[in-house]
Amino acid sequence: QVQLVESGGGLVQAGGSLRISCEASGRILSIDVMGWYRQAPGKSRELVAGISRGGSANYADSVKGRFTISRDNAKNTVYLQMNSLKPEDTAVYYCNAFIIRSDDEPLRSYWGQGTQVTVSP
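Calculation notes
Sequence positions are assigned chain by chain, starting from 1 and proceeding in written order. Given that this is a predicted model, residues contribute local features only at a pLDDT of at least 70 and side-chain atom pairs are listed and counted only at 80 or more, while totals for whole chains, interfaces and linings are drawn from all residues. Only hydrogens and water are set aside; all other atoms, that is, all heavy atoms of the structure, feed into the side-chain values. A carboxyl oxygen of Asp or Glu within 4 Å of a side-chain nitrogen of Lys or Arg is what we treat as a salt bridge. Here the term buried applies to any residue with accessible area under 20% of the maximum for its type, exposed to any over 50%, and partly exposed to those in between, with areas from a 1.4 Å probe on protein chains only. Disulfides are defined as pairs of cysteine sulfur atoms found within 2.5 Å of each other. Runs of H or I in DSSP of at least four residues are treated as helices and runs of E of at least two as strands, each being numbered from the N terminus. What makes a patch is a set of residues exposed beyond 30% relative accessible area and free of salt bridges, joined within 9 Å when like-charged and within 5 Å when nonpolar (Val, Leu, Ile, Met, Phe, Trp, Tyr). Note on areas: Shrake-Rupley with a 1.4 Å probe; residue coverage comes only from the protein chains shown. For two strands to count as paired, DSSP must find a minimum of two bridges between them. Grouping buried Ala, Val, Leu, Ile, Met, Phe, Trp, Tyr and Cys residues that are joined through side-chain atoms within 4.5 Å yields what is termed a nonpolar core.

Asker: Sorry if this is basic, but what is going on with the pattern of salt bridges here?
Answerer: Between side chains of opposite charge, pairing is possible as soon as their charged atoms come close. Per the counting criterion, the structure on display carries 7 salt bridges. Between Asp61 and Lys64 there is a salt bridge whose closest N-O contact spans 3.1 Å. What makes Asp61 exposed here is its relative accessible area of 66%.

Asker: Before we go on, may I ask you to explain the state of the cysteines in this structure?
Answerer: As used here, a disulfide is simply a covalent bond connecting the sulfur atoms of two cysteines. Tallying each qualifying case throughout the model produces 1 disulfide. A sulfur-sulfur distance of 2.1 Å marks the disulfide that ties Cys22 to Cys95. Here Cys22 and Cys95 share a disulfide; its torsion about the S-S bond, -80°, makes the bridge left-handed. Taken together, the residues span a long stretch of sequence, with Cys22 in strand S3 (residues 18–26) and Cys95 in strand S9 (residues 91–100) at a distance of 73 residues. By the burial criterion, Cys22 is buried, and Cys95 matches it.

Asker: Which parts of the structure should I look at to understand a nonpolar patch on the surface?
Answerer: On the surface, Val33, Phe98 and Leu107 cluster together to form a nonpolar patch covering roughly 220 Å² of accessible area. Judged by its relative accessible area of 32%, Phe98 is partly exposed.

Asker: Mind showing me how you'd approach the pairing of strand S5 (residues 46–51) here?
Answerer: Along any regular strand the residues' side chains alternate between the sheet's two faces. Across 5 bridges, strand S4 (residues 30–39) lies against S5 in antiparallel orientation. Among the inter-strand pairings, Gly35 is bridged to a residue of S5, identified as Gly50. Between S4 and S5, which follow one another and run antiparallel, lie 6 residues, and Gly42 among them has a positive phi close to 80°. Hairpin connection between S5 and strand S6 (residues 57–59): a loop of 5 residues separates the two successive antiparallel strands, and Gly55 in this loop has a positive phi of roughly 105°.

Asker: Looking at this model, I keep getting lost on the nonpolar core. Mind explaining?
Answerer: Nonpolar side chains tend to gather and get buried jointly when the protein is soluble and globular. Membership of the largest hydrophobic core comes to 30 residues, with the highest contact counts inside it found for Trp36, Leu80, Met82 and Tyr93. If you list the elements that add at least two residues to this core, you get strand S1 (2–7), S3, S4, S5, strand S7 (67–72), strand S8 (77–82), S9 and strand S11 (115–120). Among the elements that take part in this core, S9 stands out by supplying 5 residues, more than any other.

As structure tokens, this is what we get:
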């Protein structure tokens, strides 16, 4: 089994900062791309940021310059540092990772359970 567990969400005022984390655990041979998605009430889930194993990152236009994604491969953990938060950043943030569990299994996508981020005006 593979689990992704997010932590670090919460309530923050506009202009504030939060860092959320996601640790993958279980039967893992290697982790390829890791990323963060978010889903606000009544909206579709959208990509916030993604990062390759080598550290190449991409961001949604709405968060460029404010959010930074990073990862620690030794800890199987991905982070999202969120600065200058806006009320429109309020959403449930989900971690995603493409993981190979063993040599005889294909690459599969896994999701965390989500962590709530609420930004008050």
